[in-house]
Amino acid sequence: AQTVTQSQPEMSVQEAETVTLSCTYDTSESDYYLFWYKQPPSRQMILVIRQEAYKQQNATENRFSVNFQKAAKSFSLKISDSQLGDAAMYFCAYRSAYGNTPLVFGKGTRLSVIA
Amino acid sequence: DSGVTQTPKHLITATGQRVTLRCSPRSGDLSVYWYQQSLDQGLQFLIQYYNGEERAKGNILERFSAQQFPDLHSELNLSSLELGDSALYFCASSPRQAVYTEAFFGQGTRLTVV
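Attention here is on the structure that accompanies the text. Note that the coordinates shown come from a computational prediction; the quantities given were computed from them, not determined experimentally.

**Let's talk about the overall build of chain A**
Broken down by element type, chain A carries zero helices and twelve strands. The C-alpha radius of gyration computed for chain A amounts to 14 Å, which stays within 12% of the reference 13 Å derived for 115 residues, consistent with globular compactness. Projecting the C-alpha coordinates of chain A onto the three principal axes gives extents of approximately 45 × 25 × 20 Å. Out of the 115 residues in chain A, the part that is buried amounts to 47%. Restricting the contact set of chain A to residue pairs at least 6 apart, pairs at least 24 apart contribute 55%. Looking at chain A as shown, the accessible area adds up to about 5,500 Å², and 47% of this sits on carbon and sulfur atoms. Seen as two clouds, the 11 positive and the 10 negative side-chain charges of chain A have centres 5 Å apart.

Shown next, in the form of structure tokens:
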């Protein structure tokens, strides 16, 4: 079974600075998808960014980018120019590319943004 | 708005009772997933339905059951409720084709057992 590990329960960053959240995963599959979801205080699950394992290029969405290291099974999220609205729980998730399967989530990292 | 609708948003009930949570997936999505999120914890996968049939099972208690109806909406039934069942229950859906690879989440049902 696949597992996702987020080793940083809490992180903080100064407004306008850059922060990187870590995620590692374990799988024997070669094709899969990785995601970062944001959960603000409203508790809504919001997709931040996705990465297809077969793509070598790291995904980027505005101020959010990932560092995908397939061999190391590492998938970190970098938030640039941090804003107060970025304060939230961030969850890393894995999904197999084989069939319509559920997402497997890490335990999350709580990000605080300091003004 | 993700297009996934969950009702009710909040539910308070007593121990030993039974409740039903409802989920309407995005139009056209065949897969429905149920997740449980206890206080400040990650999302635990409970169960998945695909086009009316159970597809995958996670850490779902025997006191819990679910089903997906012909119109593709799903219900999660929780019985003999205990204090520890208090949590946020999410429903998510995804399409049949892998055009979109993520799951789309509803806003959750917050269950409080007293």
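Continuing now.
**Digging into the environment of Pro-40 of chain A**
All names here are of chain A. Tracing the backbone through its elements, the reader meets Pro-40 in the loop between strand E5 (32-39) and strand E6 (46-52). On the basis of relative accessible area, Pro-40 is assigned to the buried category, the value being 16%. Along the primary structure Pro-40 and Gln-51 are separated by eleven residues, whereas in three dimensions their C-alpha atoms are 22 Å apart.

**Thoughts on the interface of chain B and chain A**
Counting residues at the interface gives 27 residues for chain B and 19 residues for chain A. Together chain B and chain A conceal approximately 1,900 Å² of surface at their shared face, both sides included; 46% is due to carbon and sulfur atoms. Counting across the interface, chain B meets chain A through one salt bridge. With a shortest N-O distance of 2.7 Å, Arg-50 of chain A and Glu-102 of chain B are connected by a salt bridge. For the pair chain B and chain A, the interface holds nine residue pairs in polar contact (both at pLDDT 80 or more). Contributing elements (two or more residues each) for the side of chain B that touches chain A: strand E4 (31-37), strand E5 (44-50), strand E6 (53-57) and strand E9 (87-94) of chain B. Counted by class, the side of chain B that touches chain A contains 13 nonpolar, nine polar and five charged residues.

**Let's talk about the pairing of E9 of chain B**
Residues and elements named next belong to chain B. Within E9, eight of the eight residues are buried, which leaves the element mostly enclosed by the surrounding structure. Burial along E9 is two-sided: Ala-87, Tyr-89, Cys-91 and Ser-93 facing one way and Leu-88, Phe-90, Ala-92 and Ser-94 facing the other are all buried. Pairing between E4 and E9: seven bridges, direction antiparallel. Within E9, the residue paired with Tyr-33 across the bridge is Ala-92. Where E9 and strand E11 (residues 109-113) come together, three bridges link them in antiparallel fashion. The partner of Tyr-89 across the bridge, within E11, is Thr-109.

**Side note on the side chain of Glu-52 of chain A**
Along the chain, Glu-52 of chain A turns up in strand E6. The residues contacting Glu-52 of chain A, other than those within four sequence positions of it, are Tyr-32, Tyr-33 and Phe-68 of chain A.

**With respect to unusual backbone geometry**
With an omega of -10°, the peptide bond running from Thr-7 of chain B to Pro-8 of chain B counts as cis. Inspection of the secondary structure puts Pro-8 of chain B in the loop between strand E1 (5-7) and strand E2 (10-13). A positive phi angle, close to 55°, is found at Asn-62 of chain A, a residue other than glycine. Counting through the fold element by element, Asn-62 of chain A comes out in the loop between strand E7 (60-61) and strand E8 (64-69). Accessibility expressed as a relative area gives 76% for Asn-62 of chain A, which makes it exposed. Not every positive phi belongs to a glycine, and Asp-81 of chain A is a case in point at roughly 50°.

Procedures and definitions
The numbers attached to residues start from 1 for each chain and follow its sequence in the written order. By the order in which they are written, chains take letters starting at A while ligands take numbers starting at 1. It should be noted that, the model being predicted, local features are given only for residues of pLDDT at least 70 and side-chain atom pairs only at 80 or more, the latter also being counted only at that level, while totals for whole chains, interfaces and linings use all residues. Hydrogen atoms and water are omitted, and side-chain values are computed over all heavy atoms in the structure. In DSSP terms, a helix is any run of H or I states spanning at least four residues, a strand is any run of E spanning at least two, and both are numbered starting from the N terminus. Radius of gyration: over C-alpha atoms. The globule rule applied is 2.2 Å multiplied by the number of residues raised to the 0.38 power. Per-residue accessibility, obtained with a 1.4 Å probe over protein chains only, is compared with the maximum for each type, and a residue is labelled buried under 20%, exposed over 50%, and partly exposed between these values. We call two residues in contact whenever any of their non-hydrogen atoms come within 4.5 Å of each other. Computed by Shrake-Rupley with a 1.4 Å probe, the accessible areas treat only the displayed protein chains as cover when residues are assessed. Charged residues are defined narrowly, with Lys and Arg counted positive, Asp and Glu counted negative, and His plus the chain ends left uncounted. Charge placement uses NZ in Lys and CZ in Arg. For Asp and Glu, CG and CD serve respectively. Once two parts are brought into contact, the accessible area they lose, counted with a 1.4 Å probe and summed over both, makes up the buried area. One speaks of a salt bridge when a side-chain nitrogen belonging to Lys or Arg is within 4 Å of a carboxyl oxygen belonging to Asp or Glu. Here a polar contact is taken to be a pair of N or O atoms separated by no more than 3.5 Å, where protein atoms must pair a possible hydrogen donor with a possible acceptor and residues adjacent in sequence count only if both atoms sit in side chains. For this classification, the nonpolar set comprises Ala, Val, Leu, Ile, Met, Phe, Trp, Tyr, Cys and Pro, the charged set comprises Asp, Glu, Lys and Arg, and every other residue, Gly included, is treated as polar. The criterion for strand pairing is that DSSP finds at least two bridges linking the strands in question.

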